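# Tertiary structure, described
Chain by chain, the residues:
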Amino acid sequence: MFGSLFFLIREAWLNLRRQGLMAVACVSTSAIALLILGVFFLIGTQLYRVVDGAPRQMEIHAFMREGATRAQATALQERLEDMPGVAVARLVTREQAWTEFRQKSSFKDVLDGFKENPLPDMLRIVTTTPEETLRLADWVRSLPEVDHVNEGKEVVRQLLTIYNVIRTAGVVLAVLLGLGTAAIISNAIRMTLFARRRDIRVMQLVGATNSFIRFPFLLEGMAEGALGGGIASGLLLAALHYYTTRVQPTVPVVNQFELDLNRLLFVGILVGGGAVLGMVGSLLSMRKFLHAT
Amino acid sequence: MITVTKPQASRPESAPLIELIGVTVRHREQNLALDDVSVRVERGEYVFIVGQTGSGKSSLLRLLIHELRPTAGEVWVDGENVATLKPRHIPQLRRKIGFVFQDFRLLPERTLEENVAFALRVIGIHGKELRRRTFEALERVGLMSKGKMYPHQVSGGEQQRAAVARAIVNTPGLLLADEPTGNLDPMTSLEIMELLEQINRSGTTVLVATHDQQIVDAMCKRVVQLESGRIVRDEARGRYSVSRLLTTTPPPPPTEVEPCSVVSSS
């Protein structure tokens, strides 16, 4: 069996070599298609991480009602500290907040016009899980001494919307590009089949089974797709490397987003995806060609 | 005209190797490649199928390897009705049949040896067995010294020998040859025909479609003559009968054809 397998693999290699330019076209188109797929995959996963991680980093800001005493605020703070699901609960007094605000603000003159400190006492609560954030926020909101609670719900919702749009666009684009890649590989395999029609005729006449005849062509398509995937992932990883070492440290806004990626899995997905596309392409072209005779 | 095909699964061992019963092949509405042909070929026979171009010789051979399906009738090969064969059983049928073409059909980018071995490789034979059988087949056709050469480096006769080696390397019980000498000079043609006869003597049934008059006359074998898709003559030891090529009048009575003087018994 291994002797035959070796023969079949060599046949596939010979096909690839004889096809030359066509194989190059196949590999580069599948590389481009998979590159775009990879970009969407990357943006998607990173955005998902942001969305997924956001509620965890979100704090609950609870502003005390006007007239609530410092004692009430301290009592609530102590109570929260003992509650499960709360990581940190800290009291920011209105004096601290005012000083901080005045220091940071560029409207110092305007703020100087205030005779009195308009800010209330505030509790800054950090929770352990996203579910706790929502639960605790609701609980704190129900307290009479609390005026207003801000748990960053809106930000999360907006991020989720963006993520969903990008994910849908990515999936649609991926399907379209995948079909295109399969069609291109299918066309290339058809040309190989045409170039090798004499060999195929001879194979059929001496009694080779259809699956035996197909195998090298299947392998050829898969190799072309996988190679395209390899090139695409190589380019993307190189771009990522450039981004993390050169761009990210120097641009202040993006350096907060930490890139986290299982590189091996990423390469595997692109190479495997390419191989599957190549296989589909090969099967498509062979269905028509081999049944004719 | 309706031919009723009786559904039959298998036939007894004693049945002829090939039997066509009322076979009609219609390419388009009017164009009949074969018209109600019935013929039997016993195991070990050597048969010439003669006739003009387009008389249906090639169609008859292609029926036997299921390259062509009959419009009506039964095509029995080695106990199987080829006409109703399922696609997945076609490879098994073809492994029992060797085929030789007028244009050799060797693969140009492979050596003669690789061409012969190719027929074994594609049916899953490899290693020592592959080398032994390739070697034997090349020896039988007298191409031992040219195995490493490419088709374009050898003569037409040698190419056809290699093609014959490829056809017999799987030791088939039936060898079909479609105009095997059509591209060869008379001397080389005779050599190829002698080679086919030699293969026939070792027990392989041989069917040769040809319009090479000299060869047919010289070998004095069974001759089946086709004309416009019908069998018009079937003689145990026949000649080519030149008149068939030149006229469309009915065949002359058998007495006009001089019987073969050489009677060879195999």
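Residues numbered from 1 in each chain as written. Chains lettered and ligands numbered in written order. Predicted model: local features only at pLDDT ≥ 70, side-chain atom pairs only at ≥ 80, totals over all residues.

### Describing the overall build of chain A
A tally of regular secondary structure across chain A gives 10 helices and 4 strands. Taken from the N to the C terminus, the helices and strands of chain A come in the order α-α-β-α-β-α-α-β-α-β-α-α-α-α. Buried positions account for 30% of the 293 residues belonging to chain A. (Helix = DSSP H or I, 4+ residues; strand = E, 2+ residues; numbered from the N terminus. Buried ≥ 20, exposed ≤ 12 C-beta atoms within 10 Å, placed from the backbone.)

### Quick look at the sheet that holds strand β10 (residues 230-235) of chain B
All names here are of chain B. Taken in spatial order, the 6 strands of this open sheet run β6-β7-β8-β3-β9-β10, and their pairing is mixed. The sheet is open, and its two edges are formed by β6 (97-100) and β10, each paired on a single side. Sheet twist, expressed as the mean angle between neighbouring strand axes with direction ignored, is 15°. Sheet topology note: the β6/strand β7 (residues 174-178) ladder contains 4 bridges and is parallel. Within β7, the residue paired with V100 across the bridge is A177. Helix-sheet contacts for helix α5 (residues 156-168) involve β6 and β7, and the interaxial angle to β6 is about 165°. Where helix α6 (residues 186-201) meets the sheet, it contacts β3 (46-50), β7 and β8 (205-210), and its direction lies at approximately 155° from that of β8. (Pairing = 2+ DSSP bridges. Axes fitted to C-alpha atoms, helices over the stretch in contact; angles between N-to-C directions. Contact = placed C-beta atoms within 7 Å.)

### Examining the interface of chain A and chain B
Between chain A and chain B, the contact holds 13 residues from the first and 17 residues from the second. Looking at side-chain class alone, the side of chain A that touches chain B contains 7 nonpolar, 4 polar and 2 charged residues. (Nonpolar A, V, L, I, M, F, W, Y, C, P; charged D, E, K, R; others polar.)

### Quick look at the confidence of the model for chain B
Residues and elements named next belong to chain B. For chain B, per-residue confidence averages 85 on the pLDDT scale, and residues scoring 70 or more make up 84% of the total. Low pLDDT, under 50, characterises residues 3-7; the predicted model gives this stretch 7 contacts beyond four residues in sequence or across chains. The ipTM, which scores confidence in the relative placement of chains, is 0.77 for this predicted complex, and the corresponding pTM is 0.67. (pLDDT = per-residue confidence, 0-100.)

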